[in-house]
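# A structural walkthrough
One-letter residues, chain by chain:
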Amino acid sequence: MELEFIESEYKSLISFDMRNLLKFLIHYHVAFLFVALEVVAFTITIQNNFYQRASFINNTTEISGNIYRIYSSVVEYFNVRNENDKLALENTALRKLLKSNYIINDKNIQQANDLIYKQKYDYINAKVINNSVFRQTNYITLNKGRNQGIKPDMGVINSQGIVGIVKDVSYNFSIVIPTININAHISAKIKKTDYFGTLSWDGKDYRYALLNEIPFHVKVSKGDTVVTSGYSSIFPEGIITGVVKDFNFNQGNNFYNIYIQLSTDFMNLNHVNVVSNLYKDEQKILENSVTHD
Amino acid sequence: MINIIPQNIIRFFVLVFIQVVILNNLQFSGFVNPFIYILFILLLPFETPSWLLLIIGFITGLTIDIFSGTIAIHTIATTLAAYARPFVLTLFAPRDGYESRTSPTLKYYDLLWIIRYSVVIVLIHHSCLFLVEVFRFSGFFYTLLRIILSSILTSILIIISQLLFYKNK
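Below is a summary of the structure that appears in this document.

About the cut-offs
Residues numbered from 1 in each chain as written. Chains lettered and ligands numbered in written order. Predicted model: local features only at pLDDT ≥ 70, side-chain atom pairs only at ≥ 80, totals over all residues. Heavy atoms only, no water. Pairing = 2+ DSSP bridges. Helix = DSSP H or I, 4+ residues; strand = E, 2+ residues; numbered from the N terminus. Axes fitted to C-alpha atoms, helices over the stretch in contact; angles between N-to-C directions. Contact = heavy atoms within 4.5 Å. Buried area = accessible area lost by both parts, 1.4 Å probe. Salt bridge = Lys/Arg side-chain N within 4 Å of Asp/Glu carboxyl O. Nonpolar A, V, L, I, M, F, W, Y, C, P; charged D, E, K, R; others polar.

The subject of this paragraph is the pairing of strand S10 (residues 240-249) of chain A. All names here are of chain A. Relative to S10, strand S9 (residues 225-228) runs antiparallel, the two being bridged by three bridges. Bridge pairing links Val227 to Ile240 in S10. Two strands pair when backbone bridges link them, and S10 and strand S11 (residues 256-262) are joined in this way by seven bridges, in the antiparallel orientation. When the bridges of S11 are listed, Val243 appears paired with Gln261.

Take the sheet that holds S9 of chain A next. Residue and element names in this part refer to chain A. In spatial order, the strands read S6-S7-S8-S11-S10-S9; together these six strands close into a barrel with antiparallel pairing. Adjacent strand axes in the sheet meet at a mean angle of 40°, parallel and antiparallel pairs treated alike. Of the strand pairs in this sheet, strand S6 (residues 186-190) and S9 are connected by three bridges, and their pairing is antiparallel. Each bridged residue has a counterpart across the sheet, and for Lys189 the counterpart in S9 is Val227.

You can see Ser155 of chain B is positioned in helix H6 (residues 140-166). Contact partners of Ser155 of chain B, with chain neighbours within four places excluded, come to Val119 and Val122 of chain B.

All right, on to the interface of chain B and chain A then. The partner chain A presents 30 residues to the 32 residues of chain B that form the contact. In this assembly, chain B packs against chain A so that about 3000 Å² is buried in total across both faces, 69% of it on carbon and sulfur atoms. Counting the contacts that link chain B with chain A gives zero salt bridges. Mapped by element, the contributors of at least two residues to the side of chain B that touches chain A are helix H1 (4-22), helix H3 (50-68), helix H4 (73-91), helix H5 (111-134) and H6 of chain B. Here the side of chain B that touches chain A takes eight residues from H3 of chain B, the largest share from any one element. Across the side of chain B that touches chain A, the residue classes break down as 18 nonpolar, 11 polar and three charged.

Structure follows, in structure tokens:
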């Protein structure tokens, strides 16, 4: 008898609670929806920052990429003159390297060279179809992607110097994190002394970047050339990055703050070369096998 | 009343187009960017239910993100602005409330009201956008300067567009 009473009371209590909960949910449905949507947006942001982008983003790149291609094909005409000058300069530089400009002085050495030198880096030509320089997280879109042999983590350079690193590819487009993105870190060294550090950007001016981790005892002077170190297997060694514009050091810190004037004009990008390291996988596998021990 | 929906859809496409094709490529003096697309959220009719407002804000932000390559920072900021809109409207409500079938334009309300309403929403949106974009608090005053200058520019563009399209009182 008593047990029954308790049971019924218990049931009514539950239904009362459920009703309250439902009322609560209905009353605050807007706030709940808001929190849910923000959580979704933050999740996408964080995944996008730290991991590969979800495949649906790749598909949307395909759509927006096509629109940007049409847009850039119109804008391109305004830059034709500048771009021609740059290409002409590059042509001259390349012509100087032609085989016909050199005399073969010793046949034996020439043959030996064929055995010693194997091609390590290959280049894929691509065109910039979208670009930004004034945001903190700048991105560049290229008109080539997976179908043309571009893969994530390949380096991107142009005739003036380094441009950035491929982050994501869709079938026909790829997205590049340029040097001027606050999340970009590129290994670079001072050409004269061979000491290397990390090139990063402070988000202020697209013409300048910072070189960190150069120890205090190294001699640095204004006008020193900064080139890629070749350690990261992304860029070949010795691609020009910029020149030292200014440097200083804080008391109590073992490293210099070095300001680099970037050699690449990010405001005016058009044709770029994507660097493919033919030995990258081999190097990566070897390096990973050591760190996993 | 019936043509409110197509009218808003057209406005959505026009503003996204202006933002992506013109304003994203036209930055003034380095670090100031106007984000005029927030005007779409500002101009939605008063009767829009809050949940719909949130979903519209989410979709608008995501669209801009996809075309700017800045995945989800505009989504976060625009959803917040859409959430804040009903509160801002209550804050600035006229004494006898908002008349039905009117929209927050210069056609129905005076310039001072429009300025206050736009500036508050733009400030909320831009603060969220720039802070999430940097995702850290170093260089806070630099970010603050960007927020203030960009908000001023966006607000001016919004007021100009209101004067151009809704002046015939």
